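Listed below are the residues making up each chain.
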Amino acid sequence: MTELRWADVEDLFDVDNGILPDVVVRGTTVADWQAVLDLIRSRGWPHTYTEDNQAAGVPSAEVMLSRSSVPELAVCPGAEVWLMFRCSAADTIDFDVHLEELQGPEPLAVLCGVFRDIGRLLGKAVVMTFEGSELPMIGYDPVLDRVVRLAPPVAP
């Protein structure tokens, strides 16, 4: 069960809002990246890792973040929801999600679960913004310990 109801956020997940919203955790470290990699492994989430468009095994966060190119880590935490991590800097953990995969209560529950897992693990906010903008949609609030709607409600 997710703390967000699909009916309360469905308007945010309209593909006309941009198909690839961005998710970011700010103020992170190499140790935070490693904790997320360990979380992915411990949950058994299917994933693929590529460097320079070549599949490879997932290295340690320290090695991954030292690459001259930007490695990508695709993770499927459930319900055909894929997260695409861009492993480019230690100070932010960022990934994209595909709005077409987030249509309905089950995918929303999966996404909220990932946000909670990462947010609790790191003790940090996890924020999803509209594609190409800084305007927040939803996010994990570590003070409230739950995923909440961050975008203002749509006027009737």
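Just above, that's the structure.
Residues numbered from 1 in each chain as written. Predicted model: local features only at pLDDT ≥ 70, side-chain atom pairs only at ≥ 80, totals over all residues. Heavy atoms only, no water.

A. Region of the structure containing the nonpolar core. Membership of the largest hydrophobic core comes to 44 residues, with the highest contact counts inside it found for Phe13, Phe85, Leu111, Phe115, Ile118, Met128 and Ile138. Ranked by residue count, the leading element in this core is helix H4 (residues 105-122), at eight residues. When residues no more than four places from it in sequence are discounted, the contact partners of Ile118 are Val25, Val36, Leu39, Phe85, Phe95 and Val126. (Core = buried A, V, L, I, M, F, W, Y, C linked by side-chain atoms within 4.5 Å. Buried < 20%, exposed > 50% of the residue type's maximum accessible area, 1.4 Å probe, protein only. Helix = DSSP H or I, 4+ residues; strand = E, 2+ residues; numbered from the N terminus. Contact = heavy atoms within 4.5 Å.)

B. Structural context of the environment of Leu108. Within the secondary structure, Leu108 sits in helix H4. Its relative accessible area of 1% is what places Leu108 among the buried residues. Each C-alpha atom, one on Leu108 and one on Glu3, is 9.9 Å from the other, the two residues being 105 residues apart in sequence. Excluding its chain neighbours within four sequence positions, the residues that come into contact with Leu108 are Leu4, Arg5, Trp6, Val9, Phe13 and Ile138.

C. Geometry of the packing of aromatic side chains. On inspection of all chains with the given rule, the structure shows four aromatic pairs. Aromatic pair Phe95 and Phe115: ring centres 6.4 Å apart, planes at 70 degrees, arrangement edge-to-face. Of the two residues, Phe95 sits in strand E6 (residues 92-97) while Phe115 sits in helix H4, which places them 20 residues apart along the sequence. Taking relative accessible area as the criterion, Phe95 reaches 1% and is therefore assigned buried. Through successive ring pairs, a cluster of aromatic residues spans Trp33, Phe85, Phe95 and Phe115. (Phe/Tyr/Trp six-rings, centres within 6.5 Å; stacked < 30°, edge-to-face > 60°.)

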